[in-house]
Amino acid sequence: MGDPTARHPRHNKAEVFAQLRDAHAREVTEDYVEMIADLIEEEGEARSVALAERFGVTAATVNNTIKRLERDGFVTSRPYRSIFLTEKGEALAKKCRERHQIVYSFLVSIGIAPEVAEFDAEGIEHHVSEETLRVFKNAINL
């Protein structure tokens, strides 16, 4: 009959899906923080309307996400004003940019076309482990 304390595979799947939901929330957080940093660098400010345009989502979606980012300490904002990164948000944006650059550079180094590498790096960067990132970094001598 097996170990009675062993978890049923369905329970393990539930844990996997919970981890995937958490990973997706982190991915959204990272994408927004990185985009806010990009907008501030490019345009001098980050506004909800620009985020909605860049992500191709509604203003309501951006507003809900910004509220969550404020709650989690990554941004500050006021109605009809710019959105600003906190120190925590700036640190995350920097980490995301570095991670993206490592993944992108590695993909290009193994022969992936730059435009494909850019697209692929955007997805991979959110899910790559620190160990894999270290190997990528060593492989491209960064």
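Here, every reference points to the structure presented above.
These numbers were taken from a predicted model, which means no experiment stands behind them.

**Digging into the layout of surface pockets**
Part 1 of the reasoning: In this structure, the largest pocket occupies an estimated 280 Å³ of space.
Part 2 of the reasoning: The biggest single contributor to the lining of the largest pocket is helix 3 (residues 59-71), with four residues.
Part 3 of the reasoning: Counted by class, the lining of the largest pocket contains five nonpolar, three polar and five charged residues.
Part 4 of the reasoning: Within this model, the second largest pocket holds a volume of roughly 180 Å³.
Part 5 of the reasoning: Residue lining of the second largest pocket: Asp31, Glu34, Met35, Asp38, Phe55, His100, Glu118, Phe119 and Glu122, and that is the complete set.
Part 6 of the reasoning: Broken down by secondary-structure element, the contributors of at least two residues to the lining of the second largest pocket are helix 1 (9-43) and helix 5 (114-124).

**Some points on the packing of helix 2 (residues 48-55) against helix 3**
Part 1 of the reasoning: Where helix 2 contacts helix 3, the two axes come as close as 9 Å, and the packing angle between them is 115°. As the angle between them shows, helix 2 and helix 3 are arranged roughly perpendicular. In this structure, helix 2 meets helix 3 at a crossing whose hand is right-handed. Residues Ser48, Leu51 and Ala52 of helix 2 form the contact with helix 3, whose own contacting residues are Ala59, Val62, Asn63 and Ile66.
Part 2 of the reasoning: For the contact of helix 2 with helix 3, the residue count by class is five nonpolar, two polar and no charged.

**A closer look at the pattern of salt bridges**
Part 1 of the reasoning: Per the counting criterion, the structure on display carries eight salt bridges.
Part 2 of the reasoning: Residues Glu42 and Arg54 are paired through a salt bridge, measuring 2.7 Å at the closest nitrogen-oxygen approach. With Glu42 in helix 1 and Arg54 in helix 2, this pair connects stretches of sequence that are twelve residues apart.
Part 3 of the reasoning: The class of Arg54 is partly exposed, set by a relative accessible area of 35%.
Part 4 of the reasoning: Taken together, the salt bridges that share partners define one network made up of Asp38, Glu41 and Arg97.

**Quick look at the side chain of Asp31**
Part 1 of the reasoning: Its place among the elements puts Asp31 in helix 1.
Part 2 of the reasoning: Here Asp31 occupies a buried position and makes no salt bridge, while the nearest side chain of opposite charge, Arg99, is found at 7.5 Å.
Part 3 of the reasoning: For Asp31, the contacting residues outside a window of four places in its chain are Phe55, Glu122 and His126.

**Remarks on a nonpolar patch on the surface**
Part 1 of the reasoning: A cluster of nonpolar side chains, contributed by Val16, Phe17 and Leu20, occupies part of the molecular surface with about 290 Å² of accessible area.
Part 2 of the reasoning: Among the secondary structure elements, Val16 is positioned in helix 1.

Conventions and cut-offs
- Residues numbered from 1 in each chain as written.
- Predicted model: local features only at pLDDT ≥ 70, side-chain atom pairs only at ≥ 80, totals over all residues.
- Heavy atoms only, no water.
- 1 Å grid on protein atoms, 1.4 Å probe; cavity = no way out; pocket = protein on both sides within 12 Å on 5 of 7 lines; lining within 4 Å.
- Points joined across faces, edges and corners; volume = space filled by probe spheres on them.
- Helix = DSSP H or I, 4+ residues; strand = E, 2+ residues; numbered from the N terminus.
- Nonpolar A, V, L, I, M, F, W, Y, C, P; charged D, E, K, R; others polar.
- Axes fitted to C-alpha atoms, helices over the stretch in contact; angles between N-to-C directions.
- Parallel < 35°, antiparallel > 145°, perpendicular 65-115°, else oblique.
- Left-handed = near helix turned anticlockwise from the far one by under 90°.
- Contact = heavy atoms within 4.5 Å.
- Salt bridge = Lys/Arg side-chain N within 4 Å of Asp/Glu carboxyl O.
- Buried < 20%, exposed > 50% of the residue type's maximum accessible area, 1.4 Å probe, protein only.
- Lys, Arg positive; Asp, Glu negative; His and termini not counted.
- Patch = residues over 30% accessible without salt bridge, like charges linked within 9 Å, V, L, I, M, F, W, Y side chains within 5 Å.
- Areas by Shrake-Rupley, 256 points an atom, 1.4 Å probe, with all protein chains shown as cover.

Nothing here speaks to function; it is all geometry.
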